[in-house]
Amino acid sequence: MVTVKSSATALPGKSLRLRAIARLREEITSGRFRPNERLVERELCELLDVSRTLIREALRQLEAEGLIIVAPNRGPYVAPLSLDDAAKIYEVRGVLEGMATKLFAARASDADRDALEAAWESLKVAYDQRDSRAVLDSKQNFYDVLLRGAQNEIISEFLRQLHARVTRLRLTTLSIPGRADQSLLEIRRIMDAIKQRDGEAAWFATLDHIGNAAATANIVLSAIQQLGSGEAQPPAVRKRARKTDRP
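Because the structure is predicted, anything quoted here is derived from the model rather than measured. (Residues numbered from 1 in each chain as written. Predicted model: local features only at pLDDT ≥ 70, side-chain atom pairs only at ≥ 80, totals over all residues. Heavy atoms only, no water.)

Draft legend 1. Representation of the overall build of the protein chain. Check the secondary structure of the protein chain and you find ten helices and two strands. Put simply, the protein chain runs from its N terminus to its C terminus through helices and strands in the order α-α-α-β-β-α-α-α-α-α-α-α. Counting every position in the protein chain, which comprises 247 residues, the buried fraction comes to 46%. Long-range contacts, defined as pairs at least 24 residues apart, comprise 72% of the intrachain contacts of the protein chain with a sequence gap of at least 6. (Helix = DSSP H or I, 4+ residues; strand = E, 2+ residues; numbered from the N terminus. Buried < 20%, exposed > 50% of the residue type's maximum accessible area, 1.4 Å probe, protein only. Contact = heavy atoms within 4.5 Å.)

Written out as structure tokens, the structure is:
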């Protein structure tokens, strides 16, 4: 296992804790640790170059976020992506993001709109490069800008709580051939509605985007469940995806 050597040990305790949480969260959401994979404290200490105490604190935080499960006689392991959980997450995400785009169309300042346009251009570049990590980062930046312009801290707070699990699901849907291109078209519709300051159109375009992502995730997770493994992009999924223009 790779050991990270850095100046991390010189950081204050709180910064070390936050860095350990962020790094472990990223390792899970990026797929470095697979669903149902056991997380061994000793190996995590080597990977993150922090103490066992900080690892345990990070594990408790990620358990609260729903990313891991701590079971008696087994210890911590990565929470599987269940169909039921995914459906519920998309239901909540659709309503919250739909309202955010609607509010952005009505409330955003010119500076907010310029920032969203810049974030949109960066997102298109990431999609064109077919770099899934860059897409995830650019998409998160896009939504960060969108939420600031929506000027509703309650929506932002709830979406932050869903962030890690939404990221895992985004990575899952991007594994379907053609989904990235379709997603880009859907976000373009959202941007067009926002530019026209049409809140209702932005709302419905967002619901359409999230609904298609949910349907795609359902295809992937159903196939994984049938295979009884945590592997993404099984052959059955790839074949089904080619037959559907809009997953």
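Draft legend 2. Molecular detail of the pattern of salt bridges. Going through the model one piece at a time under the given rule, you end up with 17 salt bridges. One salt bridge in this structure joins R130 and D181, with 2.9 Å as the shortest N-O distance. Within this pair, whereas R130 is found in the loop between α5 (110–128) and α6 (132–150), its partner D181 is found in helix α8 (residues 179–195), the two being separated by 51 residues in sequence. The class for R130 is exposed, based on a relative accessible area of 54%. Overlapping salt bridges, with partners in common, bring together E41, R52 and R56 in one network. (Salt bridge = Lys/Arg side-chain N within 4 Å of Asp/Glu carboxyl O.)

Draft legend 3. Molecular detail of the nonpolar core. In terms of nonpolar packing, the biggest core is built from 23 residues, with L116, W120, Y127, F142 and I194 touching the most fellow members. Put simply, the parts of the chain that give this core at least two residues each are α5, α6, α8 and α9 (199–227). Among the elements that make up this core, the one with the highest residue count is α8 (seven residues). Here I194 is in contact with T101, F104, A105, R113, L116, L146 and A202, once residues within four sequence places are set aside. With 21 residues, the next largest nonpolar core counts L24, V50, A58 and I68 among its residues. (Core = buried A, V, L, I, M, F, W, Y, C linked by side-chain atoms within 4.5 Å.)

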